[in-house]
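Structural description and commentary
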Amino acid sequence: MTKMIESLYRVMPHWVKNLMVSVYGLKDHIKGNGKYYLLYYQQLSKLQTNGHSNIEAYQKNRLKTLLQESMQYSTYYKKLFDTQNINQVDISAGSANKILNKLPYLEKENLRQYNREICSADKSRPAVGIIHTSGTTGAPMSIEYDSQSKQGTKAEWRRYYDWMGLPKKFKSVRFSGRIIVDPNTKKAPFWVYNIVNKQLFMSTYHLSEDNISSYIEKLNHYKPEFLDGYPSAFHILAQYILANNIKLKFKPLAISTTAETLFDHHRVTIEKAFGCKVYNQYASSEGAPWIVECKLGVPHLWIDTGVFEFIDQSDNHDGTVNSELVVTSFRNFKTPLIRYRIGDVICRYKDEKKKCACGSSYPMIKSIIGRQDDILFTKDKGHIGRLDPAYKGLTGIRQSKIIQKTIDTIDVLIVADKNFTAEIGKKLLQNIHDRVGVNVSITLLKVDSIPLGKNGKFKSVERQFKLESKEL
Ligand SMILES: [Zn+2]
């Protein structure tokens, strides 16, 4: 929606909101459907059963096409290729991966600043839409996409639905950071309905104790077959369902989480409350290649949607290493992302050939850790990986957030319930000390609530200071 339509939407009565969301949904549905969607979906479906070497061959081909197109139609990349003395013949004849390695990383700031030059000027790829997102500094960024990218994304989603065992059509619910009803409203409905895609959008901003029962009532009435969105929203609902012994009147086929770090103990709570599997998925609004979990809960790199490179950060001495992701994406040829430092950190196996028991040909990684800017760093331990094991087995904590304020001070905010004891608090502090080292002062603070961050996302870990370049 444009800014003007968005402001108009906010003041409309609820039934007009439903109508506007449905019209928008219809337009989006039309944009995503077409010949390319069908062709690409068939290709992707076949590819995943074709074995690793065929997927790799496909990846090389796509990379070659991306490099050729970017050189021809993007003034930004043309300049980079020229600087490296690379021409079209080199790309056609040489190894695409070797050529890729010669190019510098694309930093977020460059993507924002040189957005126009990065965009492809290919006349056969007119822009059909723009995604507005924000960079690390909060500065807005616009990502244009063409019709093929839109249809391609829809095909990738469809393959993801297949991974989760969803039928061709289904009723769904989405919890995202969009403001869909007035943030100050105290009364339901806290949702709007897109009749075209049978999709109910539920607000993540109104999930207070007073409102949760109306959410549950609506869900019981609507009976979704699939839910997706922020894990923190599902965790709040799941805790309420379990604490109040509520039996839901529906059993979804799957829940998909994204955009925030999914903690292992939150996954357990959500799966128990909703009675279905949770799949965690990684992609970004900028159009990064996909990381998708299989039925065994193992994240796989969909290398047919892009190239993943890693900047290693810290060895975990257990066969895994924490690495910053650098991505080259095949998902949007209109705004090509080549060696993009997206700012996320994952934990990967040093043995890159390690096979998942699910039998998938896509490489597996251990886990997605989170935003590079929020990875804690201490003098004793360096970069700290996932902190959710610190909560393992502890009860009485409804919500929590770990904030590193300086190199040697950490605040742990917790929203406690009646089961919380001083002993549990002590154990939590001990568990965090085990991970960050003993020379860090940790303060436990009990609070009534923890506010949501930008785009309604819940940040479970936050580092409030910048690292010196030697520590990066
Ligand atoms: Zn697997």
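**Quick look at the overall build of the chain**
Each helix and strand in the chain was counted, giving 14 helices and 20 strands. Radius of gyration (C-alpha) of the chain: 23 Å, near the 23 Å computed for a compact globule of 472 residues. In terms of its C-alpha atoms, the chain occupies a principal-axis envelope of roughly 70 × 55 × 45 Å. Burial status across the chain gives 51% buried among its 472 residues. When contacts within the chain are restricted to residue pairs at least 6 apart in sequence, those whose partners lie at least 24 apart make up 66%. Looking at the chain as shown, the accessible area adds up to about 22700 Å², and 53% of this sits on carbon and sulfur atoms. With 69 positive and 47 negative side-chain charges, the chain shows a spacing of 6 Å between the two charge centroids.

**Points about the packing of aromatic side chains**
Applying the stated criterion to the full structure yields 23 aromatic pairs. Ring geometry for F190 against Y215: centres 5.6 Å apart, planes inclined by 10°, an arrangement best described as stacked. Here Y215 lies in helix α11 (residues 212-222) and F190 lies in the loop between β3 (172-176) and β4 (191-194), a separation of 25 residues in the sequence. A relative accessible area of 1% means that F190 is categorised as buried. Taking the relative accessible area as the measure of exposure, Y215 reaches 0% and is therefore buried. On the basis of an interplanar angle of 75° and a centroid distance of 5.6 Å, the ring pair of Y193 and Y222 is categorised as edge-to-face.

**Structural notes on the sheet that holds strand β10 (residues 299-301)**
Here eight strands make up an open sheet; going across it, the order is β4-β5-β3-β6-β7-β8-β9-β10 and the pairing mixed. Two strands bound the open sheet, and with one partner strand each, they are β4 and β10. Here the strands of the sheet are splayed against their neighbours by 20° on average, with no regard to which way each runs. Relative to β4, helix α2 (residues 14-32) is tilted by about 40°, and along the sheet it contacts β4 and β5 (199-203).

**Section: the coordination of the zinc ion**
Tetrahedral metal sites with four donors have an ideal angle of 109.5 degrees; octahedral sites with six donors have ideal angles of 90 or 180 degrees. Every protein donor of the zinc ion is listed here as C294 (SG), H300 (NE2), C356 (SG) and C358 (SG), and their distances to the metal cover 2.1 to 2.3 Å. Coordination at the zinc ion is tetrahedral: its four donor atoms span angles of 103 to 120° at the metal. Sequence spacing of the donors to the zinc ion: C-x5-H-x55-C-x1-C. Here C294 and H300 have matching classes, each one buried.

**Quick notes on the pairing of β4**
Sheet topology places β4 next to β5; four bridges connect them, and they run antiparallel. Paired with Y193 across the strands is L200, a residue of β5. Linking β4 back to β5 in an antiparallel pair, the connection comprises four residues, with K198 at a positive phi of about 45°.

**Points about the environment of W191**
Counting through the fold element by element, W191 comes out in strand β4. Distance from W191 to V173, taken between C-alpha atoms, is 9.6 Å for residues 18 residues apart in sequence. Those residues within four positions of W191 in sequence are excluded, and the remaining contacts are H14, I180, V181, L200, F201, M202, S214, Y215 and K218.

**Some words on the sheet that holds strand β17 (residues 397-406)**
Strand order in the open sheet formed by four strands is β19-β18-β17-β20, with mixed pairing between adjacent strands. Since the sheet does not close on itself, it has two edges, and those belong to β19 (441-446) and β20 (461-463), each with one partner. Strand after strand, the sheet turns through a mean of 15° between neighbouring axes, direction not considered. Sheet topology note: the β17/strand β18 (residues 409-416) ladder contains eight bridges and is antiparallel. The residue bridging I403 from the neighbouring strand is D411, located in β18. Against the sheet, helix α14 (residues 422-436) contacts β17, β18 and β19, and its axis sits at roughly 145° relative to β19.

The rules behind each value
Residues numbered from 1 in each chain as written. Predicted model: local features only at pLDDT ≥ 70, side-chain atom pairs only at ≥ 80, totals over all residues. Heavy atoms only, no water. Helix = DSSP H or I, 4+ residues; strand = E, 2+ residues; numbered from the N terminus. Rg over C-alpha atoms; globule rule 2.2 N^0.38 Å. Buried < 20%, exposed > 50% of the residue type's maximum accessible area, 1.4 Å probe, protein only. Contact = heavy atoms within 4.5 Å. Areas by Shrake-Rupley, 256 points an atom, 1.4 Å probe, with all protein chains shown as cover. Lys, Arg positive; Asp, Glu negative; His and termini not counted. Charge placed at Lys NZ, Arg CZ, Asp CG, Glu CD. Phe/Tyr/Trp six-rings, centres within 6.5 Å; stacked < 30°, edge-to-face > 60°. Pairing = 2+ DSSP bridges. Axes fitted to C-alpha atoms, helices over the stretch in contact; angles between N-to-C directions. Donors = N, O, S within 2.8 Å, 3.2 Å for Na, K, Ca; no water. Tetrahedral: all angles 85-135°; square planar, octahedral: opposite > 155°, others 65-115°.

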